[in-house]
Amino acid sequence: MNFRSHSRAALAATMIGALALGGCVTDPETGNKRISKAAIGGVGGALGGYLLGDLLGGRNDRTEKIVGAGIGAIAGAGVGAYMDAQEKKLREQTAGTGVDVVRQGDELLLRMPSGITFATNQSAIQPQFQSTLDQVAQTLSEYPKTAIDVLGHTDSDGTEAYNQTLSERRAQSVAGYLSSHGVASVRMATMGYGETRPIASNETIDGKAQNRRVEIKIVPAVEGAG
């Protein structure tokens, strides 16, 4: 692992550690821990930007495609309530599964460790996780006015080239599964980042487990955004 990757991992681990110590609240309905809005603001937009960033292909372009497909977009005043309802349902569906749901503003990120989604070095979704992904697909279908990025990540074990390919295949596998269960493909884009975006140290077993993940980023398509 090079110095840059180590520094980014250390920074991410420090941020997340700070949030874990002082920025978590308990969801009164699900009992799950979540990052409080105050903590996100206190630690800074840097963490939110690291977690979410911009949509693949650009926000305006993706919104135009969704609207052009006849799905439509959300009126600006209704975005918060639309995403609140979707977040609530996703948290209920994934409670106790090992999937983390992160909220930043009006965007959501579902973080799925590869240990529960894929066997080692494989890109086929494990049968025991399919029921959870079925429910996620159902909610994404019920709230169609969003763009979805499916992002694959690995730890630093193995070669960079292998990790890059594995992360791409896993992202495509999850996107393909969602598409086959009713999520319109026009809403989705995929990207594999290999080992380049760690959220924890690759020098520990636990850190590597956190870095091996697939993330589903959900961003509202807002009227007038294009």
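Anything mentioned here points back to the structure above.
These lines cover the structure that appears in this document, whether it is placed above or below. (Residues numbered from 1 in each chain as written. Predicted model: local features only at pLDDT ≥ 70, side-chain atom pairs only at ≥ 80, totals over all residues. Heavy atoms only, no water.)

1. Here we look at the overall build of the chain
Within the chain, the regular secondary structure consists of 9 helices and 7 strands. The 226 residues of the chain split such that 44% are buried. In the chain, of all internal contacts separated by at least 6 residues, the share reaching a separation of at least 24 is 74%. Of the roughly 10,200 Å² of accessible surface on the chain, a fraction of 53% belongs to carbon and sulfur atoms. (Helix = DSSP H or I, 4+ residues; strand = E, 2+ residues; numbered from the N terminus. Buried < 20%, exposed > 50% of the residue type's maximum accessible area, 1.4 Å probe, protein only. Contact = heavy atoms within 4.5 Å. Areas by Shrake-Rupley, 256 points an atom, 1.4 Å probe, with all protein chains shown as cover.)

2. Concerning the packing of helix α5 (residues 79–94) against helix α7 (residues 127–142)
For any two helices packed against each other, one specifies the inter-axial angle together with the distance between the axes. For the pair α5 and α7, interaxial distance at closest approach is 9 Å and the crossing angle is 170°. The angle between α5 and α7 places the two elements in the roughly antiparallel class. Together, Gln86, Lys89, Leu90, Gln93 and Thr94 of α5 and Thr132, Gln135, Val136, Gln138, Thr139, Leu140 and Glu142 of α7 make up the contact between the two elements. Classifying every residue of the contact of α5 with α7 gives 3 nonpolar, 7 polar and 2 charged. (Axes fitted to C-alpha atoms, helices over the stretch in contact; angles between N-to-C directions. Parallel < 35°, antiparallel > 145°, perpendicular 65-115°, else oblique. Nonpolar A, V, L, I, M, F, W, Y, C, P; charged D, E, K, R; others polar.)

3. Some details on the nonpolar core
One finds Leu133, Val174, Leu178 and Ile216 to be the most contacted residues of the largest nonpolar core, which totals 30 residues. Broken down by secondary-structure element, the contributors of at least two residues to this core are α5, β4 (107–113), α7, β5 (146–153), α8 (160–180) and β7 (213–220). If sequence neighbours within four positions are ignored, Leu133 has contacts with Met112, Ile125, Val174, Tyr177 and Leu178. One finds Leu55, Ile66, Ala73 and Ala147 within the second-largest nonpolar core, a separate group that totals 6 residues. (Core = buried A, V, L, I, M, F, W, Y, C linked by side-chain atoms within 4.5 Å.)

4. Notes on the environment of Gly152
Inspection of the secondary structure puts Gly152 in strand β5. With near-sequence residues (within four places) excluded, Gly152 lies in contact with Ser167, Ala171, Met191, Gly192, Tyr193, Gly194, Arg213 and Val214.

5. A closer look at the pattern of salt bridges
All chains considered together, the criterion is met by 15 salt bridges. Among the ionic pairs, Asp155 bridges to Arg212, the shortest N-O distance being 2.7 Å. Taken together, the positions of Asp155 in the loop between β5 and α8 and Arg212 in the loop between α9 (205–211) and β7 put the pair 57 residues apart, joining distant regions of the chain. The buried category is assigned to Asp155, whose relative accessible area is 5%. The closest approach of N and O atoms between Arg213 and Glu215, which form a salt bridge, is 2.8 Å. Taken individually, Arg213 and Glu215 each receive the classification buried, so the pair is uniform in this respect. The network of salt bridges with common partners includes Asp84, Glu87, Arg91, Arg103 and Asp106. (Salt bridge = Lys/Arg side-chain N within 4 Å of Asp/Glu carboxyl O.)

6. Re the packing of aromatic side chains
Evaluated as defined, the whole model comprises 1 aromatic pair. Each ring, one from Tyr82 and one from Tyr143, has its centre 5.3 Å from the other, and the planes form 85°; the classification is edge-to-face. Residue Tyr82 is located in helix α5, and its partner Tyr143 is located in the loop between α7 and β5; the two are separated by 61 residues in the primary sequence. Residue Tyr82 shares its accessibility class with Tyr143, and that shared class is buried. Positioned over the ring face of Tyr193 is Arg197, at 4.1 Å from the centre of the ring. (Phe/Tyr/Trp six-rings, centres within 6.5 Å; stacked < 30°, edge-to-face > 60°. Lys NZ or Arg CZ within 6 Å of the ring centre and 35° of its normal.)

7. Here we look at the sheet that holds strand β6 (residues 188–192)
The 5 strands are arranged β3-β4-β7-β5-β6 in an open sheet whose pairing can be described as mixed. Edge positions in the open sheet fall to β3 (100–104) and β6, since each of these has one partner strand only. For this sheet, the mean angle separating the axes of adjacent strands, direction not counted, is 20°. Judged from the 5 bridges that link them, β3 and β4 form a sheet pairing that is antiparallel. The residue bridging Asp100 from the neighbouring strand is Arg111, located in β4. Sitting on the sheet, α5 touches β3, β4, β5 and β7, and the angle it makes with β3 is about 165°. (Pairing = 2+ DSSP bridges.)

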